[in-house]
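# Fold and contact review
Here is how the chains run, residue by residue.
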Amino acid sequence: MELWNIFDTEWVPVGAWVESLLQWVVANFRFIFQAIKVPFDIVLTGLEDGLTQAPDLLILALIVLVAWQAGGRRLGLISLACMTAIGLMGAWEESMTTLSIVLTCVVFCSLIGIPLGVIAAKNDRFWMILQPLLDLMQTIPSFVYLVPIVMLFSIGNVSGVIVTFIYALPPVVRLTNLGIRQVRADMVEAARAFGASNRQTLYKVELPLAMPTIMAGVNQTIMMALSMVVVSSMISVTGLGQMVLRGIGRLDMGLATVGGLGIVFLAIVIDRTSQSFGISARDRGHKKWYETGPVGAVRGLMKKG
Amino acid sequence: MSDVQIECRDLWKIYGRRADEAMKAVLAEGLSKEEVRDRYDCVLGVRDATFSVNKGEIFCIMGLSGSGKSTLVRHVNRLIEPTSGEIHVASQRVDTMNESQLRQLRAETIGMVFQHMALWPHRTLGDNVGFGLEVRGVAPEQRREASLKALEAMDLGGWIDHYPDQLSGGMQQRVGLARALAADPEILLMDEPFSALDPLIRRQLQDQFLDLSAHMDKTTLFITHDLDEAIRMGDHIAIMNDGEIVQIGTPEEIVTNPKDDYVAEFVKGISRVGLVRAETIMDRLDGRDATTKQVQLDAELGEIIEHFMEDQTPVTVMSPDGSAAGQITIKSALTALRG
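Below is a summary of the structure that appears in this document. (Residues numbered from 1 in each chain as written. Chains lettered and ligands numbered in written order. Predicted model: local features only at pLDDT ≥ 70, side-chain atom pairs only at ≥ 80, totals over all residues. Heavy atoms only, no water.)

In this section: the overall build of chain A. Secondary structure summary: chain A contains 12 helices and 0 strands in total. Helices and strands appear in chain A in the N-to-C order α-α-α-α-α-α-α-α-α-α-α-α. Summarising its shape, the C-alpha atoms of chain A cover approximately 90 × 60 × 40 Å along the three principal directions. Once local pairs closer than 6 in sequence are excluded, the contacts in chain A between residues at least 24 apart make up 77%. As displayed, chain A offers around 16,100 Å² of accessible surface, 69% of which is attributable to carbon and sulfur atoms. If the 22 positive side-chain charges of chain A are averaged to one point and the 19 negative ones to another, these points end up 16 Å apart. (Helix = DSSP H or I, 4+ residues; strand = E, 2+ residues; numbered from the N terminus. Contact = heavy atoms within 4.5 Å. Areas by Shrake-Rupley, 256 points an atom, 1.4 Å probe, with all protein chains shown as cover. Lys, Arg positive; Asp, Glu negative; His and termini not counted. Charge placed at Lys NZ, Arg CZ, Asp CG, Glu CD.)

Right under this line is the structure:
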């Protein structure tokens, strides 16, 4: 051994440690991870069954109506065009699978990320601990944790949701934290001055005022979930990502392009729709959501009738 | 004394992680603000404040920004926790209250108005005004009724279903006032309520508030950085500097008899004409005869000066019983005017 080149030797066998740690966890605690899968599995299966088994045109109409309600007639038309294009390209089934994975991921990211963000905004120490964790989740290449995820959760769509969940959680936590911290101090003080408890202040003042920022976080989470679609197809997650992966594997440019375009169109629809949810009532001219869009139109008709 | 509505005794507020240590040291050694900062890395917010406010009066706390006046007023409903001292509000001791007693006190007994209105933009005016009732669990119909009544008192009844950003600044602060009054509290805390408004609107709102409080029998703690406003609004004024109350008195006492240079500097530019009364500046008669020019004990300086327009002989001050109480020479009138 030469002193000048001491780094030729591996002094700290991190790789081996991780390997044996993982083996040990898999051998002894796999049941815990299998239990974690259950709620993801239930939501994913429900959504996937609903979206793929219902008549295509019914789902198309539903998506267009939701987009119209959220973002007005223009967005409704854009969604109609994008979703029709996906259907005509023959990627409808796959896009529904991808959509259900993304939606499941959003459900869990919101359910877990928004409360985490609220706690982080209230507790500086918690936020200090959470921040490096979120950094880690966002920066560590997702390929690195594909293997342990497969070993702990096995392959398939549910594992895909979990991989995506890890990658897509940080923005909603960060932006919820930011949104709550940015609520004007005197708005919160006024709530307390009129006798509101902490919980009432949170639900009646802080969360509504932080909602545009929180929704921006949810939107970011959705976009990150979509960007994981191709990567997660490596652990045999089905859907549009798998079309792309198969296309690359067989050098089938046509198949890869169809999958890629499908992801783009789906992204446009989901992105615009979720962004529209974030626009506050103030910017919509103080109209309640049910006073506009298709619901507003139906209500108008019912009133006349 | 049953008619004292708000009372603070020996109130201290020290900010910082080592506040308790610093508090002990301050009491034992009488440290200055700078010593507290250097030795304990703490900030002295309020230093030994003692004052009492009688039922029905408007008590102004006047000071420049950073003087601790906003901090002091937030102790009354304990939005800020005192480091030491006692707070009594409406014969209840506030500094020892638990969380739920405190919430009840805030919702029922104390209304508050904020400098930048602090109306919630996502709630209609009705929901803003009815917030205090809402958190107490009052039914929606009653809430709306109370909100409507409070808004109508501010001539804003028609706006109940509109949102704050659809109103001008002056109107928004009237909503702020309506919100403070909706639960019919005994006490109003007003933290520079009119400072953010332009002068004309400010004047209107001051008049409207004076008019309102004249027949409402509420006790008001009114914060301002503007001595003119304090004199216009206040029955009593407390002047604060650097966390300490420098002087407490009626507007006339403050203006005619400032306690130190700091207060004197403030009152220099204040007009004495409508403030100084005959009783304050008159000399004893010392056997001289009463003149034909006569004023009452509470005549204002402006009225006395009127009498010197014709000739410069002294003015006689009459007691309510009709006897002569004293006299004022032109010299003493002009001295009082100069201040």
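Next comes the rest of the write-up.
A few words now on a nonpolar patch on the surface. Residues and elements named next belong to chain A. The grouping of Leu3, Ile6, Phe7, Trp11, Val12, Val14, Trp17 and Val18 at the surface amounts to a nonpolar patch, some 920 Å² of accessible area in total. Locating valine 18 in the fold gives a position in helix H1 (residues 14-53). Residue class for valine 18 comes out partly exposed when judged on its relative accessible area of 49%. (Patch = residues over 30% accessible without salt bridge, like charges linked within 9 Å, V, L, I, M, F, W, Y side chains within 5 Å. Salt bridge = Lys/Arg side-chain N within 4 Å of Asp/Glu carboxyl O. Buried < 20%, exposed > 50% of the residue type's maximum accessible area, 1.4 Å probe, protein only.)

Bringing unusual backbone geometry into the picture now. Residue and element names in this part refer to chain B. A positive phi is found at aspartate 10, a non-glycine position, where the angle reads about 45°. Considering the arrangement of structural elements, one finds aspartate 10 in strand E1 (residues 4-15). With a relative accessible area of 42%, aspartate 10 lands in the partly exposed category. A positive phi is found at alanine 90, a non-glycine position, where the angle reads about 45°. Mapped onto the fold, alanine 90 is located in the loop between strand E4 (84-89) and strand E5 (92-93).

The subject of this paragraph is the packing of helix H2 (residues 56-88) of chain A against helix H11 (residues 253-278) of chain A. Residues and elements named next belong to chain A. Where H2 meets H11, the closest approach of the two axes is 9 Å, and the angle between their N-to-C directions is 180°. In this view, H2 runs roughly antiparallel relative to H11, as classed from their interaxial angle. Each of Ile63, Val66, Ala67, Ala70, Gly71, Leu75, Ile78, Ser79, Cys82, Met83, Ala85 and Ile86 in H2 lies in contact with H11, whose residues at this interface are Gly262, Phe265, Leu266, Ile268, Val269, Arg272, Thr273, Ser276 and Phe277. Here the residues of the contact of H2 with H11 are counted per class, giving 15 nonpolar, 5 polar and 1 charged. (Axes fitted to C-alpha atoms, helices over the stretch in contact; angles between N-to-C directions. Parallel < 35°, antiparallel > 145°, perpendicular 65-115°, else oblique. Nonpolar A, V, L, I, M, F, W, Y, C, P; charged D, E, K, R; others polar.)

Time to look at the pattern of salt bridges. Residues and elements named next belong to chain A. By the definition in use, this model includes 27 salt bridges over all chains. Here glutamate 206 and lysine 122 are joined by a salt bridge, their closest N and O atoms 2.6 Å apart. A residue pair is termed long-range when its members are at least 10 positions apart, and glutamate 206 in helix H8 (residues 198-227) and lysine 122 in helix H3 (residues 92-122) qualify at 84 residues. On the accessibility criterion, glutamate 206 (5% relative accessible area) is buried. Here aspartate 186 makes a salt bridge to arginine 184, at a shortest N to O gap of 2.8 Å. In this structure aspartate 186 comes out as buried when scored by relative accessible area, which is 15%.

Residues and elements named next belong to chain B. When the terminal C-alpha atoms of helix H9 (residues 199-214) are compared, their 22 Å separation across 16 residues agrees well with the 22 Å that a helix rising 1.5 Å per residue should span. Residues of H9 that are buried include every one of Leu205, Gln206, Phe209, Leu212 and Ser213, and no others. End-on view of H9: buried residues confined to an arc of 130°, all on one side of the axis. For H9, the exposed residues set more than 90 degrees away from the buried face come down to Leu200 and Ala214. For H9, the secondary structure elements touched by its buried residues are strand E3 (58-62), helix H8 (169-181), strand E7 (187-191), strand E8 (219-224) and helix H10 (227-233). (Expected span 1.5 Å × (residues − 1). Arc of directions from axis to C-beta.)

Right, let's get into the interface of chain B and chain A. Residue-level contacts link 26 residues of chain B with 20 residues of chain A. Contact with chain A buries area across many residues of chain B, yet Trp120, His122 and Val135 of chain B alone supply 23% of it, more than any other trio. Taken together, the links from chain B to chain A amount to 2 salt bridges. In this structure, lysine 204 of chain A and glutamate 134 of chain B form a salt bridge, with 2.7 Å as the shortest nitrogen-oxygen distance. Our enumeration of links across chain B and chain A arrives at 7 residue pairs in polar contact (both at pLDDT 80 or more). (Buried area = accessible area lost by both parts, 1.4 Å probe. Polar contact = N/O pair within 3.5 Å; in protein donor to acceptor, adjacent residues only side chain to side chain.)

The next subject is the state of the cysteines. Tallying each qualifying case throughout the model produces 0 disulfides over all chains. The cysteine cysteine 109 of chain A is free of any disulfide, with cysteine 105 of chain A supplying the nearest cysteine sulfur at 3.9 Å. The exposure class assigned to cysteine 109 of chain A is buried, which follows from its relative accessible area of 1%. Summary of cysteine pairing: cysteine 60 of chain B is not part of a disulfide, and the nearest cysteine sulfur, belonging to cysteine 8 of chain B, is at 16 Å. (Disulfide = S-S within 2.5 Å.)

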